[in-house]
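Take a look at the letters that make up each chain.
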Amino acid sequence: MAIHIRGGTLFAPEALGPKDLLVAGGRIEAVTEPGAIQPGGFPVEVLDAQGLTVLPGFIDPHVHILGGGGEGGPATRAPEIRVEDIVRSGVTTLIGCLGTDGVTRHPASLLAKARALDIEGVSTYVFVGSYEVPVRTVTGSVRSDLVLIDKVIGAGEIAISDHRSSQPSFEEIARLAAECRVGGLLGKKAGVLHFHLGDGARRLDYLWRLLRETEIPPSQVIPTHVNRNRALLEDALAYAAAGGFIDLTAGVDPENETDDDVSVETAVRLGLERGVPIERIMVSSDSHGSLPVFDKAGRLVGLTVAAQDTLLLKFRSLIRRGILAPDQAARLFAANPAVYYKLEGKGRVAPGADADLVLFDETRVLRTVIAKGRVLMRDGKLLARGTFSAP
Ligand code: ZN
């Protein structure tokens, strides 16, 4: 059914003030001044958005939708994500990836899980591969996966500067970046090479070398977890100031941050201070990756799973602390990844765009989520249901 969203304050991501929206057929049909939409002759659900802000649905560009982990053996393989967790977090689009374990997790099952989430209501894409090089693919090469499989938009997360990486040589990485570039061109995709960064002292060396020694444009590659320690973050901010793109991981609470674990709040504030354009910064949840807990002797004593709701928490916190205005936050959590990853119809509220919307009240509590034109949360009540969830 068509939806008439009345009277919300729109960040498209630009701050456009009070607007009415008409949603039909999964898309945004019209964005008008309040009161200008007079639908007739077809059924319309009216959604009163007075006092609410309306933004494009959040895009989470790094999620272990199949579950990550496994570093403590088979019992530590993290569980799959559920559509309810995604919707409750204001996320309407996500990019799925594998992690450390490319042996018992496969690109084909990742693709199947992405398709399942799509059917359950959200939009999904995937990175092919895991931490390792050579990359495990579906059709035999990164290039052909990019050309032949719609959901594949790049390769990742490929681990570098980490004890869990396959210790790839620079030449292997350069060749892989070239695969992504050419596959992306042929498949009309972004063709992104997505790097997992560990705590290793080599930090972004390979990315700097790609910038200096190859013809690969900086938009082809992006490192994530760059706020995992202060020295790595400084390297990443310099890299972004020089033209690169970076992805921050959202988990750390600013009240508990250390030089070994920097919050998104601090990272974004420093980035803006250093003159990094906000368009070059993205934030992902790393959701459903495992968070091992070690005791003082280094023994594994517990394990939790990274939560999906961290983008929502960061959205609120960045605005509340005055680090970002709402329109900048809408860029960070929606428009930037949509543009960077070339996700057509995503990340903006405009006629013709996909109807992916999140509505917040004045205390920035999430009230309503619409994805591909379907209301998946209304007035705080979750309507999304996974296939195997209780009715
Ligand atoms: Zn990672």
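Computed from a predicted structure; not experimentally measured.

Engineer: An account of the coordination of the zinc ion is requested, with residue identities and associated values reported.
Structural biologist: Around the zinc ion, the protein supplies E157 (OE), H196 (ND1) and H225 (NE2) as donor atoms, at distances of 1.9 to 2.3 Å. Of note, the donors binding the zinc ion are all from one chain and are spaced E-x38-H-x28-H. Residue H196 is found in strand β10 (residues 192-197), and its partner H225 is found in the loop between β11 (221-224) and α6 (230-241); the two are separated by 29 residues along the sequence. For H196, a relative accessible area of 2% puts it in the buried group.

Engineer: Report on α6, specifying residues and quantitative values.
Structural biologist: Over its 12 residues, α6 runs 16 Å from end to end, which matches the ideal 16 Å to within 8%, given 1.5 Å per residue. In this structure, the buried residues of α6 make contact with β10, α5 (205-213), β11, β12 (246-249) and α7 (264-273). For α6, the side-chain oxygen to backbone nitrogen distance between the N-cap and A231 is 3.2 Å, and the N-cap itself is N229. Phi for G243, located one or two positions after α6, is positive at around 120°.

Engineer: Please set out the packing of aromatic side chains residue by residue, giving values where relevant.
Structural biologist: Where two aromatic rings form a pair, the distance of their centres and the angle of their planes describe that pair. Scanning all chains against the criterion turns up 10 aromatic pairs. Consider the rings of F58 and F315, whose centres lie 5.2 Å apart with planes at 55°: the pair is tilted. Placement of the pair is F58 in strand β6 (residues 58-63) and F315 in helix α8 (residues 310-320), with a sequence separation of 257 residues. Look at F245 and Y340: their rings are 4.8 Å apart centre to centre, the planes differ by 35°, and that puts the pair in the tilted class. With F245 in the loop between α6 and β12 and Y340 in helix α9 (residues 326-340), this pair connects stretches of sequence that are 95 residues apart. The exposure classification of F245 matches that of Y340, with both residues buried. Ring pairing ties together the aromatic residues F58, F315, F333 and F360, which thus form one cluster.

Engineer: How would you sum up the environment of E71? Please name residues and give values.
Structural biologist: With respect to the helices and strands, the residue E71 is situated in the loop between β6 and α1 (83-88). Linking E71 and L300, residues 229 residues apart in sequence, is a C-alpha distance of 9.9 Å. Ignoring any residue separated from it by four or fewer positions in sequence, one finds E71 in contact with T76, T100, R164 and S290. In terms of polar contacts, E71 uses its side chain to reach the side chain of R164, at 2.9 Å. A polar contact is formed between the side chain of E71 and the side chain of S290, at a distance of 3.5 Å.

Engineer: I'd like a description of the domain arrangement of the protein chain, backed by residues and values.
Structural biologist: Taken as a whole, the protein chain is organised into domain 1 (2-55 + 346-382) and domain 2 (57-340). Here the C-alpha centroids of domain 1 and domain 2 sit 29 Å apart. Across the boundary between the two partners, domain 1 contributes 22 residues, which contact 29 residues of domain 2. Taken together, the two surfaces of domain 1 and domain 2 that pack against each other cover about 2000 Å², and 68% of this comes from carbon and sulfur. Connecting domain 1 to domain 2 are 1 salt bridge. One salt bridge in this structure joins D118 and K372, with 3.1 Å as the shortest N-O distance. In this structure, the connection of domain 1 to domain 2 is made through 6 residue pairs in polar contact (both at pLDDT 80 or more). Taken together, the elements giving at least two residues each to the side of domain 1 that touches domain 2 come down to β16 (357-360), β17 (366-371) and β18 (374-378). At 4 residues, β17 tops the list of elements feeding residues into the side of domain 1 that touches domain 2. Of the residues in the side of domain 1 that touches domain 2, the class split is 15 nonpolar, 1 polar and 6 charged.

Conventions we followed
- Residues numbered from 1 in each chain as written.
- Predicted model: local features only at pLDDT ≥ 70, side-chain atom pairs only at ≥ 80, totals over all residues.
- Heavy atoms only, no water.
- Donors = N, O, S within 2.8 Å, 3.2 Å for Na, K, Ca; no water.
- Helix = DSSP H or I, 4+ residues; strand = E, 2+ residues; numbered from the N terminus.
- Buried < 20%, exposed > 50% of the residue type's maximum accessible area, 1.4 Å probe, protein only.
- Expected span 1.5 Å × (residues − 1).
- Contact = heavy atoms within 4.5 Å.
- Polar contact = N/O pair within 3.5 Å; in protein donor to acceptor, adjacent residues only side chain to side chain.
- Phe/Tyr/Trp six-rings, centres within 6.5 Å; stacked < 30°, edge-to-face > 60°.
- Domains from an automatic or database assignment.
- Buried area = accessible area lost by both parts, 1.4 Å probe.
- Salt bridge = Lys/Arg side-chain N within 4 Å of Asp/Glu carboxyl O.
- Nonpolar A, V, L, I, M, F, W, Y, C, P; charged D, E, K, R; others polar.

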